[in-house]
Each structure stands twice: as structure tokens, then as C-alpha cells.
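# Architecture at a glance
What follows is the residue order along each chain.
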Amino acid sequence: MTLGGGSTAVPNTIFAALPQMGAAEVLCTLVLVRETYGCDRPLARLFYSDFMRLTGIGSKNTVSRALEAVERRGFFRRTGQRAEWEVVEQPHRRTPRSI
């Protein structure tokens, strides 16, 4: 079976953590995976409204709590710039190439 175009390589550590995540955290994590690993970029600029639209989550508070949980897991972090997220490099993990 070949994947061809349209596939995203995701670190196994993220997959291993999915069963311990709540639903909103999983959805927000998958958005970040798609916008970083999927686009081969180390950074993604995403506003709460983007997460709400892309995940179908209707509450800004739910998105906010989910993103706090995502950040605690250590796969992604806010950069300090408005709405900007970056991949956290960890040993034995593939990270997107720099721009």
C-alpha cells in the first residue's frame, strides 16, 4: 500500500498520547499536527476562531482549555507571538524542516 501525496508523517509519541487526551484536546492536537507537520513547517499561526472552525468546537473556553492541555503535553507551545504555535523538538522525534 502506498500513501502517495496527501499524507502526513506524525511522531509516534503523539499517537501514543491520544488515548489519554480529552476529545477537544485530540481535535486541537490534530489541527496543530496538520498545520505544522502536514505543511512541513515548524510554526503555525492559528487563532481561537481557526481552532473552532477546524475542529467544530463551538466554545472559545473549551478551545482555550484544550490548548492549555496540548501545551502541557509538550508537543507544541505558544511562541509568545499572537496566535503562533511551534513544534517542540524532542529527542527521537521528526520535526518539520525550518523555513
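Look above for the structure.
Attention here is on the structure that accompanies the text.

About the criteria used
- Residues numbered from 1 in each chain as written.
- Predicted model: local features only at pLDDT ≥ 70, side-chain atom pairs only at ≥ 80, totals over all residues.
- Heavy atoms only, no water.
- Helix = DSSP H or I, 4+ residues; strand = E, 2+ residues; numbered from the N terminus.
- Expected span 1.5 Å × (residues − 1).
- Buried < 20%, exposed > 50% of the residue type's maximum accessible area, 1.4 Å probe, protein only.
- Contact = heavy atoms within 4.5 Å.
- Polar contact = N/O pair within 3.5 Å; in protein donor to acceptor, adjacent residues only side chain to side chain.
- Pairing = 2+ DSSP bridges.

Every α-helix winds through 3.6 residues per turn, so residues three or four apart in the chain are directed the same way. Along its 14 residues, helix 4 (residues 60-73) runs 20 Å from first to last C-alpha, staying within 8% of the 20 Å computed at 1.5 Å per residue. Restricting attention to buried positions, one finds in helix 4 the residues Val-63, Ser-64, Ala-66, Leu-67, Ala-69 and Val-70. Against helix 2 (23-36), helix 3 (48-55), strand 2 (76-78) and strand 3 (84-87) lie the buried residues of helix 4. Capping the start of helix 4 is the job of one residue whose side-chain oxygen sits 3.2 Å from the backbone nitrogen of Asn-61: Ser-59. Downstream of helix 4 by one or two residues, Gly-74 has phi in the positive range, about 90 degrees.

A word on the pairing of strand 3. Pairing geometry for strand 1 (residues 43-45) and strand 3, over three bridges, is antiparallel. Paired with Leu-43 across the bridge in strand 3 is Glu-86. Of the strand pairs in this sheet, strand 2 and strand 3 are connected by three bridges, and their pairing is antiparallel. Looking at strand 3, one finds that Phe-76 is bridged to Val-87.

Treat this as a map of the structure, not an account of what it does.
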